[in-house]
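# Descriptive structure summary
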Amino acid sequence: MNYRLGMTRVGQFLINFFLFVFVSLQGYSQQKYWVLFKDKELNTKAAISEKCKENRKTLGIPEIQASDFPVNKTYISQLQAQGISVINQTRWLNGISTYLTPSQLQYTKSLFFVQEIVPIDSKLILAKTSPTLEPLKSKDDLRVDFVMKQVGIEGFLQAGLNGKGVTIGVIDAGYYGVSESPALGHLFTENRILGIHDYINPKKTNHFDERETSSDFHGTEVLAAITGKSQDNKLLLGLATQANFYLARTDTGGREFRGEEDNWVAAMEWMDSLGVRLINTSLGYAKGFSNSKEDYKPEQMNGSTSIIARAAKMATEEKGMIVVVSAGNEGDDRDWRIISTPADVEGTIAVGATNEAGLKMGYSSIGPDFLDYVKPNVACYSLYGTSLAAPVITGFIACMLQANPKLTNKEIKGYLQKSSSLYPFGNNFIGFGIPNASKAIDLMQNPAREPLETRNITRTISVAENDQQVEIAVKEGETIAVFYKKTPFLVLSQDAQKVRHNSIVLKRNSKVKHTTVVTKEEVIEVIWL
């Protein structure tokens, strides 16, 4: 008996070993690809809901678009006949994701209906600073409360705005612990989670109580920063406490660099089809691929190169969606420093992170110097990465949409930026700065009236070529933020200065052509002639 048991264990070990080797070799011989098609059948039913059509009608965009129709089933059947399985389908980009052997790749390239084949040997990078994110603790509540004050939460509270009636889509890693979090209990008692889709483990039914990886807290943290509140309602962790949610898990946390691009695109299409306009995602492509030869290059962060950028561009330009993306945490990486994709897409709202003084956090990624638009767009305080800055802004936008559901994504983005602390002197460190709720409400109510007391007071100082310094009057004791720039947008350095003797003195530097000084009362742009 004992002998047979021993043989069973040995036999099982050998079976498991050879299965591991087989699967490993099989995976090694295959590569993941997008297979994009040339055309599709437009005489089928568009795969969108009535809510989606209603949103588009309100926004004045076509209710049914070519990208809403399903992928051609005949093309898929022809691939499947060759043993090529479909992982995800994309209506927007018109194709599928799949694993192909070298011979299958050659076959697929020869098909008349195939437009493009794009490798997907990539791992999504969570925009965070540590490998494990634990649930918010009491000491963190104060930090989150600080960012609520930083963006002027009292403006929304006085106007009775809390995201009510707005539906938000969250695309992230796991949501472990959501059901047990005191800060998120209202999502269940008030039935505010409308649906959830796990693209990593589609058969999973227990989305909140089963932990598969060390990153399964990440989506939970993001949710808390959007909608969290204490049970007694005395402490708000997020701005959109009355919003509804659809959740998607597109990222697997089994390795340091995680997730897959096709899952993200599938989640975007799913949420659009349901009529979700506002999306928060704290995932982004940059570097760190399993095969370093397939890492993105900094110059490819141009808003149009990556597949995920193409999808984000369609979402913002054609579907009217508002896509809020964390800028990334590569600011201290000398080999990268810049934002990741899809934060590079012009239509997305990329969110950086600031410290208490309103300066860029060191880790927060900056905008590339080759873009002709400002990235990131805005920023706010976050100690734990831009992953937890983006959801603050998502909650902010939910309040704006509650106030006026008819606002387009371009109008939302415009009002958001104009309400921010640096406007109109945006830069590639923190965009247009930190948004303010009262200013945003004022802009929505009075978009054409200028100037208004609640908006930024700005002035420009031109320093003559022969002058070596300039003195600026500022209130005694105030701490100001200063950005030294080589162009109107590109920052060389930043610092915070404590004002003494009711003024500060800026000295000429041959590399600095513009200097932005941010005080409590005004934004001053110094131009060195």
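Each remark here, short or long, concerns the structure printed above.
Description of the structure in this document.

Calculation criteria
Residues numbered from 1 in each chain as written. Predicted model: local features only at pLDDT ≥ 70, side-chain atom pairs only at ≥ 80, totals over all residues. Heavy atoms only, no water. Phe/Tyr/Trp six-rings, centres within 6.5 Å; stacked < 30°, edge-to-face > 60°. Helix = DSSP H or I, 4+ residues; strand = E, 2+ residues; numbered from the N terminus. Buried < 20%, exposed > 50% of the residue type's maximum accessible area, 1.4 Å probe, protein only. Axes fitted to C-alpha atoms, helices over the stretch in contact; angles between N-to-C directions. Parallel < 35°, antiparallel > 145°, perpendicular 65-115°, else oblique. Contact = heavy atoms within 4.5 Å. Nonpolar A, V, L, I, M, F, W, Y, C, P; charged D, E, K, R; others polar. Polar contact = N/O pair within 3.5 Å; in protein donor to acceptor, adjacent residues only side chain to side chain.

### Quick look at the packing of aromatic side chains
Across all of its chains, the model carries 11 aromatic pairs by this definition. Taking 4.1 Å as the distance between ring centres and 0° as the angle between the ring planes, the aromatic pair formed by Tyr75 and Phe113 counts as stacked. Here Tyr75 is found in helix H3 (residues 73-80), whereas its partner Phe113 is found in the loop between helix H4 (102-109) and strand E4 (114-119), with 38 residues between them in sequence. Tyr75 sits in the buried class, given a relative accessible area of 9%. With 5.3 Å between their ring centres and 65° between their planes, Tyr176 and Phe217 make a pair best called edge-to-face. Of this pair, Tyr176 sits in the loop between strand E6 (167-172) and helix H7 (186-189) while Phe217 sits in the loop between strand E7 (193-198) and helix H8 (218-227), and the two are 41 residues apart along the sequence. On the accessibility criterion, Phe217 (8% relative accessible area) is buried.

### Examining the packing of helix H9 (residues 261-273) against helix H10 (residues 307-317)
Here H9 crosses H10 at 10°, and the two axes come no closer than 9 Å. Comparing the axis directions of H9 and H10 gives the class roughly parallel. For the pair H9 and H10, contact is made by Glu261, Trp264, Val265 and Met268 and by Ile307, Ile308, Ala311, Ala312 and Ala315, respectively. Across the contact of H9 with H10, the residue classes tally to 8 nonpolar, no polar and 1 charged.

### What about helix H13 (residues 437-445)?
Burial analysis of H13 places 7 of its 9 residues in the buried class, the great majority of the element. On its buried face, H13 is in contact with helix H6 (153-158), helix H11 (390-403) and helix H12 (409-418). For H13, the N-terminal capping position is held by Asn436, with its side-chain oxygen 3.1 Å away from the main-chain nitrogen of Ser438.

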